[in-house]
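Given next are the chains, with one letter for each unit.
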Amino acid sequence: LQSNTVNGPFPNVLLYQPESLFESYEFVLVGRSRISGRAAQQIRVISKDKSRFGLNLWLDQESGLVLKMNLVNLEGQPLEQIQVTAIEITEKPNAFFARIEQAMLPDILVMRSPTETPVRWHLNYLPKGMYVAKQDVHRLPMTGELVDYILISDGLVNVSIYLQPLANAKASQDLIGRHESNTILTRQMGDVSATVVGKIPAVTADAILKSIQFVQ
């Protein structure tokens, strides 16, 4: 795939555009410690409107690279942890990459441009700093069913919203659950079943779903 971002364990925005998060989060310097044998600066990232979970980051003192990241709930309890176990920083790329021949690489996969679809839903509530990043109609990979899809993001957190006719939905009642650090909330809205999935508190997921309005 050709892309201008890397879909890795650490959010891309932390590396390239951390200042874009200042509207939504407070950054608090905590102290220094050692992670994987390297000096690190700890920074606490706190949602200004308390609508999202917080982060504890440990940045390499020399390079600024993220060495450790803890996702914590509103009470400060850990939900998820990612940590670098070994790191080597060099001035030039490792010689290994120069030995990779183009013939060894797979062909670049060209994605078909998405077709424009009319906007049928509007969100009357978005957490501070979040925006609608994508809105379309696509098929669910597991069932093949068509759903209206909305992706909202602040660059640090992505939240997916799925809407489909109640007759096609697997769940016929309001449901709330958690898969790892993701909140999953399904709510009936007339003859539509709406589901929100994301690393956000359940109260935020509920507020987002309640704000959805059908556009005539």
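Use the structure listed above.
Residues numbered from 1 in each chain as written. Predicted model: local features only at pLDDT ≥ 70, side-chain atom pairs only at ≥ 80, totals over all residues. Heavy atoms only, no water.

## Description of unusual backbone geometry
Move 1: The backbone phi angle of K50 is positive, close to 60°, even though this residue is not glycine.
Move 2: When its relative accessible area of 52% is taken as the criterion, K50 is described as exposed.
Move 3: Even without being a glycine, E180 presents a positive backbone phi close to 55°.
Move 4: With respect to the helices, strands and loops of the structure, E180 is situated in the loop between β10 (175–179) and β11 (182–189). (Buried < 20%, exposed > 50% of the residue type's maximum accessible area, 1.4 Å probe, protein only. Helix = DSSP H or I, 4+ residues; strand = E, 2+ residues; numbered from the N terminus.)

## A short note on the pattern of salt bridges
Move 1: Counted by the stated rule, this structure contains 9 salt bridges.
Move 2: Here R52 and D49 are joined by a salt bridge, their closest N and O atoms 3.2 Å apart.
Move 3: In this structure, D206 engages K210 in a salt bridge whose closest nitrogen and oxygen atoms are separated by 3.1 Å. Of this pair, D206 and K210 both sit in helix α3 (residues 202–210), separated by 4 residues, roughly a single helical turn.
Move 4: A residue is classified by how much of its surface remains accessible, and D206, at 17% relative accessible area, is buried.
Move 5: Since its relative accessible area comes to 58%, K210 is described here as exposed.
Move 6: Salt bridges sharing partners connect three or more residues here, namely R38, D60 and E62. (Salt bridge = Lys/Arg side-chain N within 4 Å of Asp/Glu carboxyl O.)

## Points about the environment of F214
Move 1: The residue F214 is located in strand β13 (residues 212–214) in this model.
Move 2: On the basis of relative accessible area, F214 is assigned to the partly exposed category, the value being 39%.
Move 3: In this structure the C-alpha to C-alpha distance between F214 and V119, which are 95 residues apart in sequence, comes to 9.2 Å.
Move 4: Filtering out sequence-adjacent residues up to four positions away, F214 remains in contact with R120 and W121. (Contact = heavy atoms within 4.5 Å.)

## Here we look at the side chain of S51
Move 1: Counting through the fold element by element, S51 comes out in the loop between β2 (38–47) and β3 (54–60).
Move 2: One polar contact links S51 to D49, side chain to side chain, over a distance of 2.6 Å.
Move 3: Among the polar contacts listed, one links the side chain of S51 to the side chain of R52, at a separation of 3.1 Å.
Move 4: Setting aside residues up to four positions removed in sequence, S51 forms contacts with Y125, P127, K128, I200, P201 and T204. (Polar contact = N/O pair within 3.5 Å; in protein donor to acceptor, adjacent residues only side chain to side chain.)

## Some remarks on the pairing of strand β7 (residues 131–139)
Move 1: Here 8 bridges tie β7 to strand β8 (residues 146–153), and the two strands are oriented antiparallel to one another. Note on β8: the bridge partner recorded for Q135 is I150.
Move 2: As consecutive antiparallel partners, β7 and β8 are separated by 6 residues, and within that stretch G144 has a phi angle of approximately 80°, a positive value. (Pairing = 2+ DSSP bridges.)

## Points about the pairing of strand β4 (residues 66–72)
Move 1: Counting buried positions over the 7 residues of β4 gives 7, a clear majority of the element.
Move 2: Two strands pair when backbone bridges link them, and β3 and β4 are joined in this way by 6 bridges, in the antiparallel orientation. Residue pairing in the sheet places W58 in a bridge with K68 of β4.
Move 3: Hairpin connection, β3 to β4: the antiparallel pair is bridged by 5 residues, and G64 has positive phi, about 85°.
Move 4: With 5 bridges connecting them, β4 and strand β5 (residues 78–83) associate as antiparallel partners. Counterpart to V72 in the pairing with β5 is P78.
Move 5: Adjacent in sequence and paired antiparallel, β4 and β5 are bridged by 5 residues, among which G76 carries a positive phi angle near 85°.

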